[in-house]
Amino acid sequence: MRARVVVTLCVVVAVLLAGVPWIASPATIEFGINMLLLAALAQSWNIIGGYTGYPSFGNSVFYGLGSYGTAVAMLSWQLPFGVGLVVGAVIAVVFALLLGRAVLRLRGHYFAICTLGVAEVMTAIVSNLEITGRNQGLVLPLLKGNVLFYELSLALVVVATLVVWWIARSRFGFGLVAIRENEEAAASMGVDTTRYKIFAFAISAAIGAVAGGIHAYWITFIDPVSAFDIGLNVKMIIMAVFGGPGSILGPVVGAFVLSAISEVLSSEISTVAGLFFGIVIVVAVVFMPRGIADLLRRFHTYRWRYFAANVRATRV
Amino acid sequence: MNLLWQGIVNGVLLGGLYALMALGLALVWGVLNIVNLAHGALIMLGGYVCYYLFTGAHIDPFVALPITAAVLFVVGYAIQRRLLNLVIRAPMFNTLLITFGLDVVLTYAAQIAFSADFRTVNPSYAGANFSLLGATVPVVRLLAFVIALALTFGLWLFLTRTPLGRAIRATSQNLVAARLYGVEPRRIYALTFGIGAALAGAAGALYGVVSQLNPYIGTSLTAKSFVIAIIGGLSNPLGVIVGGLVLGLVESMTSLYIGATYTNVASFGILVLVLIVRPTGLLGRTA
Amino acid sequence: MHRIAFKVALAPLAIAACAALAAAGPAAAATITLGASVQMTGSLANTGRYYKDGYEFAVDRINKAGGVKVGSAHEQLALKILDNQSDDNLAVRQYTQLVSTDKIGLLLGPFASGTVIATSSVAEKYEVPMVQGGGASDQIFSRGYKYVFGTLPVASKYFESTIAAGAKLNPPVKTVALLYADDAFDVSVAKGTRTWLEKAGMKLVLDERYSTNASDFSSLLSRIKSDHPDAVLVAGHETEVLNFIRQSKSLDVSPKLYSFTVGVPSADFRKALGKDGDYAFGMTSWLPSASMKDRWFGNGEEFEKAWKAQFGFEPDYHAASAVADVEAFVMAIEAAGSTDPKKVRDALSKVDFESLYGRIQFDSVGQISLPQTVVQVQNGNVVPVYGDKGFINKAMYPMPDWSKR
């Protein structure tokens, strides 16, 4: 009954968001594109990071492969944008399947650092490849108008959220959560942990790659440092953790809220925006380490003591 | 042949400085299980402290080095005591995020305080050099190398031979056991992070002498420190020296024989390979 | 479960908040607003800030002189400058915000070729002119865009005058090492340099690309040392050039001549190097000169004085180029008699005037053509050495060994 209310509300919100390009200014639409792409990325990270518990810093690699796959397909092979997106996604998924086999055996910080290393290696390799324009970057043709990009981004968020929703209630998802909580126990319960993890990694890669492809065509210029930006990966994590990792809607809400905060800061207080954003992160991690989802769930029992209780739970 | 010899000298000397950069990161990671993304920002701060001691008070950078380390120790102690101790038992993402936030804050604060001007610590002898079997050896880099070795060895002695050092190691292995030692974890944590920051400060002071400072140098230094810490492992400071030398030599040889744009492919490639082949580091213990 | 409902309700709230914010933008009256998003913080802030200073300085002076004549009315200039934190994505969104929300139809550019490539597509998309003095890469001008104008000269010609001077020095430069960063601008420079070298009959003994933001040059310097070229030409960024010069001292590498695309003309750079900066060659599209007449500043020299009085350091070509960008807009608006973006754009393509920065006239792709004067740091000062009319001052050449300086 209540679940139906939530679903209805989600549909209403999605429809409302779909109508935004017809009433909002171009600046708002571009802000929307950016916010929606971040939401999709946070959601893609949520699958491998939030549900499976593997703190990936390699999701920016999938994003970068999607950007470059799309760009190279359009520029070198003269394929249409739609096909380019598919090319980017296929490259990223294949890469995830190969990489996953090797790196998903690592745990915790070691996995994090290894994927971070992969991102650095990919930046360096792409900077040396002729077909990707080396470090000079690639210039894509200019498509006037933002509606296509906006609606595509929105569709990607919806698809990503549906995928997560499916994961959350499927046997596959239970397996992932079991891996997160205790991998050995999951294996002994008969979960094929390797296959589950790699599959989760690949889904995550596909979503990230499509986001990269949309962004590349929209911004018209990509270079290795911006396409494989580790800062973007950190943003995904921040948004997912801020919203609530391992929840269905948390990462999307986190992305929306933090994008809005960051946008207001950078247009209102300009030069100190970066500083304030850093402070917001620090304060959020200290006082609401489990994100907005947890805050909403437990605030009414704890009231203001909620924040103190969080600190008490994690300090020495 | 001569070029190869010069390349080896370059690589070894660079490696010493790299090792010192990574030493504090490895210590904090190994003992506190905090991967400190703000480590490079602490190195940057150390560089500025040394810069102002040198240009403001005309203190020789090598004399300013211990003062810089002491200042950074206080900074590091305060950060751990007042902030990181609050989240030390939180999930790993959270400690990663908080140090990332800290990195952003330190970088922007530095931009506001010191401006984006380029700075160098440039004493009269900064370019001095001598010839060794046909290779040119920069004196400052050699000094940096010696200091890095001395500090590493000193840290190793401290951790293995003093009661306080043993307490730190005990804390890293088992918090409950550490309490039995009569160790106050809050203080020990702050002390450890303080030492890590002091080492970063020393590295920053030397970095200002051989390279240049601006508020944004931190990120790439953090990334390099990861590579070294992973190659060297976290359990033993002496491993970090090996990690630094490996990275220094690899970068030098790649740049000499493959191409200067391939150094990152090589160094981060090694990081990934080492982790895949030996997940706990080349010389590391099991996690 | 209603709590989740609340959570979902946050989503449109974010959009609404932003729409409200968008609606709050001020509408300017009787002033002409120029918009820009520049790097005031972040990794490019060191040079980016010169553009902010330059824009503000020019607008201030033009307003004091009576503003801009549009038809029969005099209007004042205003600026809206945002900080893009050296983030290209943010820069693109800020330009969009300036155009669509703040209804600004005239854009000034950011610093750096990469940022210009990304942000100028906003100008093209919304058909508003952007005059930028921060990017010179060929990629900016080879896309067939109609709304982008640039006041930095063509990247491929940066070393042209240096090579011409090198051939006439005594002893003449015969062998050259070329090092360049792998970004769009410096690759363009390197490409041009190779053709100039070939024309001059000089031998390229080392031709190496290095990673942008590289900090260790010991391997490249060791190779230079073993190859003994007469001249070393470096196309890169300030931080790299700083490291290169300091490390060439510590590795005792002293070619007869070394020259750098950036750094030498900027005061901050020379201060960081101190005495070690001497002998370094560079080039500039601008030198303060009394012969460059300017409608607002008198001439180039007077501009330099006024700038120094206000900021406390000497302006370099970035600052002058930024000032020229503002002046180009004013000239175009007055010629068009309108602030309509399309009319101003057409007028920009036809402007031709003398300024403190030199003659401003855009070619068919929107770029300016200015000769690069060879300069050298001599006893801490920038001294012009060689221009399009031959030697201006004596070059300190060849560079002595580091031990003899």
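### Focus on the packing of aromatic side chains
Residues and elements named next belong to chain B.
Next, step 1: In this structure the tally under the stated criterion is 42 aromatic pairs over all chains.
Next, step 2: Ring plane angle 80° and centroid distance 6.3 Å describe the contact between W29 and F226, whose orientation is recorded as edge-to-face. Placement of the pair is W29 in helix 1 (residues 2-32) and F226 in helix 9 (residues 218-232), with a sequence separation of 197 residues. The same class applies to W29 as to F226, namely buried.

### Topic: the confidence of the model for chain C
Residues and elements named next belong to chain C.
Next, step 1: Residues of chain C with pLDDT of at least 70 account for 93%, and the chain-wide mean is 88.
Next, step 2: Long-range and interchain partners of residues 1-29, a stretch whose pLDDT sits below 50, account for 39 contacts in this model, where long-range means more than four residues apart.
Next, step 3: Reported for the predicted complex are a pTM of 0.87 and an ipTM of 0.85.

### Observations concerning the layout of surface pockets
Next, step 1: Here the second largest pocket is characterised by a volume of approximately 650 Å³.
Next, step 2: If you trace the second largest pocket, you find 28 residues lining it, with G50, G53 and R180 of chain A together with P91 and F93 of chain B closest to the centre.
Next, step 3: Within the residue set of the lining of the second largest pocket, elements represented by two or more residues are helix 2 (26-51), helix 7 (171-181), helix 8 (183-188) and helix 14 (291-302) of chain A together with helix 4 (92-114) of chain B.
Next, step 4: Tallied by class, the residues present in the lining of the second largest pocket amount to 10 nonpolar, 10 polar and 8 charged.

### Quick word on the packing of helix 2 of chain A against helix 9 (residues 193-219) of chain A
Two quantities define a packed helix pair, namely the angle between the axes and the distance from one axis to the other.
All names here are of chain A.
Next, step 1: One way to put it is that helix 2 packs onto helix 9 with a least axis distance of 8 Å and a crossing angle of 165°. As the angle between them shows, helix 2 and helix 9 are arranged roughly antiparallel. Between helix 2 and helix 9 lies a crossing whose hand is left-handed. Residues E30, I33, L37, A40, L41, S44, W45, I47 and I48 of helix 2 form the contact with helix 9, whose own contacting residues are K197, A200, F201, I203, S204, I207, G208, A211, I214, H215 and W218.
Next, step 2: A breakdown of the residues in the contact of helix 2 with helix 9 according to their chemical character gives 14 nonpolar, 4 polar and 2 charged.

### Examining the interface of chain A and chain C
Next, step 1: Listed by partner, the interface residues are 52 residues for chain A and 48 residues for chain C.
Next, step 2: The junction of chain A with chain C conceals about 4,300 Å² of combined surface from both sides, 65% of it contributed by carbon and sulfur atoms.
Next, step 3: Run the count over chain A and chain C and you get 2 salt bridges.
Next, step 4: Seen at the junction of chain A and chain C, the total is 9 residue pairs in polar contact (both at pLDDT 80 or more).
Next, step 5: Only helix 1 (2-19), helix 2, helix 9, helix 12 (250-268), helix 13 (273-287) and helix 14 of chain A provide two or more residues apiece to the side of chain A that touches chain C.
Next, step 6: Split into classes, the residues belonging to the side of chain A that touches chain C amount to 26 nonpolar, 18 polar and 8 charged.

### Here's the deal with the interface of chain C and chain B
Next, step 1: Listed per partner, the contact involves 37 residues of chain C and 36 residues of chain B.
Next, step 2: When chain C packs against chain B, close to 2,900 Å² is buried across both sides, 47% of that on carbon and sulfur atoms.
Next, step 3: Contact with chain B buries area across many residues of chain C, yet S219, R246 and S250 of chain C alone supply 20% of it, more than any other trio.
Next, step 4: Counting every contact that joins chain C to chain B gives 2 salt bridges.
Next, step 5: Between D117 of chain B and R49 of chain C there is a salt bridge; the shortest N-O distance is 2.6 Å.
Next, step 6: Run the count over chain C and chain B and you get 22 residue pairs in polar contact (both at pLDDT 80 or more).
Next, step 7: Sorting the residues of the side of chain C that touches chain B by element identifies helix 2 (45-64), strand 8 (203-210), helix 8 (218-227), helix 9 (238-250) and helix 10 (267-273) of chain C as the ones contributing at least two each.
Next, step 8: It is helix 9 of chain C that provides the largest number of residues to the side of chain C that touches chain B, a total of 8 residues.

### Side note on the domain arrangement of chain C
All names here are of chain C.
Next, step 1: Structurally, chain C comprises domain 1 (31-153 + 288-360) and domain 2 (157-284 + 372-404).
Next, step 2: For domain 1 versus domain 2, the distance between C-alpha centres works out to 29 Å.
Next, step 3: If you look at the interface, domain 1 gives 15 residues, while domain 2 gives 15 residues.
Next, step 4: For the pair domain 1 and domain 2, the summed buried surface comes to about 1,100 Å²; carbon and sulfur atoms form 50% of the total.
Next, step 5: Taken together, the links from domain 1 to domain 2 amount to 2 salt bridges.
Next, step 6: At the surface where domain 1 touches domain 2, the tally comes to 2 residue pairs in polar contact (both at pLDDT 80 or more).
Next, step 7: Taken together, the elements giving at least two residues each to the side of domain 1 that touches domain 2 come down to helix 2 and helix 5 (138-141).
Next, step 8: Per element, the largest residue contribution to the side of domain 1 that touches domain 2 is 4 residues, and it comes from helix 2.
Next, step 9: Looking at the side of domain 1 that touches domain 2, its residues break down into 6 nonpolar, 5 polar and 4 charged.

### Section: the side chain of Q132 of chain C
Next, step 1: Inspection of the secondary structure puts Q132 of chain C in strand 5 (residues 130-132).
Next, step 2: If we ignore the near neighbours within four places in the chain, the residues touching Q132 of chain C are G109, V116, I140, F141, V148, F149, G150, T151 and D325 of chain C.

### Concerning the pattern of salt bridges
Next, step 1: Using the criterion set out here, one finds 29 salt bridges over all chains in the structure.
Next, step 2: Its salt-bridge partner being D230 of chain C, residue K256 of chain C comes within 3.0 Å of it at the nearest N-O pair. Of this pair, K256 of chain C sits in the loop between helix 9 and strand 10 (257-260) while D230 of chain C sits in the loop between helix 8 and strand 9 (231-235), placing them 26 residues apart in sequence.
Next, step 3: A relative accessible area of 11% places D230 of chain C in the buried class.
Next, step 4: Taking the shortest distance from any N to any O, the salt bridge between D346 of chain C and R345 of chain C comes out at 2.9 Å.
Next, step 5: Residue classification places R345 of chain C among the buried positions, given a relative accessible area of 14%.
Next, step 6: Among the charged side chains, a network of salt bridges with common partners joins R107, E183, E184 and K197 of chain A.

### A short note on helix 8 (residues 185-210) of chain B
Structurally, the α-helix is built with 3.6 residues per turn, so residues lying three or four positions apart point the same way.
Next, step 1: For helix 8 of chain B, which comprises 26 residues, the first-to-last C-alpha distance of 38 Å matches the rise-based estimate of 38 Å (1.5 Å per residue) to within 8%.
Next, step 2: Judged by how many residues are buried, helix 8 of chain B sits mostly within the fold: 24 of 26 residues are covered.

### Digging into the sheet that holds strand 5 of chain C
All names here are of chain C.
Next, step 1: If you trace the 6 strands from one edge of the open sheet to the other, you get 2-3-1-4-5-6, paired in mixed fashion. Every other strand in the sheet has two partners, leaving strand 2 (68-70) and strand 6 (148-150) as the edge strands with one partner each. Within this sheet the neighbouring strands show an average axis-to-axis angle of 30°, counted without direction.
Next, step 2: Where strand 5 lies against strand 6, 3 bridges are found, and the strand directions are parallel. Within strand 6, the residue paired with Q132 across the bridge is G150.
Next, step 3: This element, helix 4 (residues 113-126), spans strand 4 (106-108), strand 5 and strand 6 of the sheet and lies at about 155° to strand 5.

### Remarks on the sheet that holds strand 9 of chain C
All names here are of chain C.
Next, step 1: Taken in spatial order, the 8 strands of this open sheet run 8-7-9-10-11-16-17-18, and their pairing is mixed. The open sheet has two free edges, formed respectively by strand 8 and strand 18 (390-391), since each of these has just one partner strand.
Next, step 2: Sheet topology places strand 16 (residues 373-378) next to strand 17 (residues 381-387); 5 bridges connect them, and they run antiparallel. Its bridge partner lying in strand 17, Q378 is registered against N381.
Next, step 3: Along the sheet face, helix 7 (residues 184-200) touches strand 7 (175-181), strand 8 and strand 9 and points at about 165° away from the line of strand 7.
Next, step 4: In the packing of helix 8 onto the sheet, contacts are made with strand 7, strand 8 and strand 9, and the angle to strand 8 comes to roughly 175°.

So, how was this worked out
- Residues numbered from 1 in each chain as written.
- Chains lettered and ligands numbered in written order.
- Predicted model: local features only at pLDDT ≥ 70, side-chain atom pairs only at ≥ 80, totals over all residues.
- Heavy atoms only, no water.
- Phe/Tyr/Trp six-rings, centres within 6.5 Å; stacked < 30°, edge-to-face > 60°.
- Helix = DSSP H or I, 4+ residues; strand = E, 2+ residues; numbered from the N terminus.
- Buried < 20%, exposed > 50% of the residue type's maximum accessible area, 1.4 Å probe, protein only.
- pLDDT = per-residue confidence, 0-100.
- Contact = heavy atoms within 4.5 Å.
- 1 Å grid on protein atoms, 1.4 Å probe; cavity = no way out; pocket = protein on both sides within 12 Å on 5 of 7 lines; lining within 4 Å.
- Points joined across faces, edges and corners; volume = space filled by probe spheres on them.
- Nonpolar A, V, L, I, M, F, W, Y, C, P; charged D, E, K, R; others polar.
- Axes fitted to C-alpha atoms, helices over the stretch in contact; angles between N-to-C directions.
- Parallel < 35°, antiparallel > 145°, perpendicular 65-115°, else oblique.
- Left-handed = near helix turned anticlockwise from the far one by under 90°.
- Buried area = accessible area lost by both parts, 1.4 Å probe.
- Salt bridge = Lys/Arg side-chain N within 4 Å of Asp/Glu carboxyl O.
- Polar contact = N/O pair within 3.5 Å; in protein donor to acceptor, adjacent residues only side chain to side chain.
- Domains from an automatic or database assignment.
- Expected span 1.5 Å × (residues − 1).
- Pairing = 2+ DSSP bridges.

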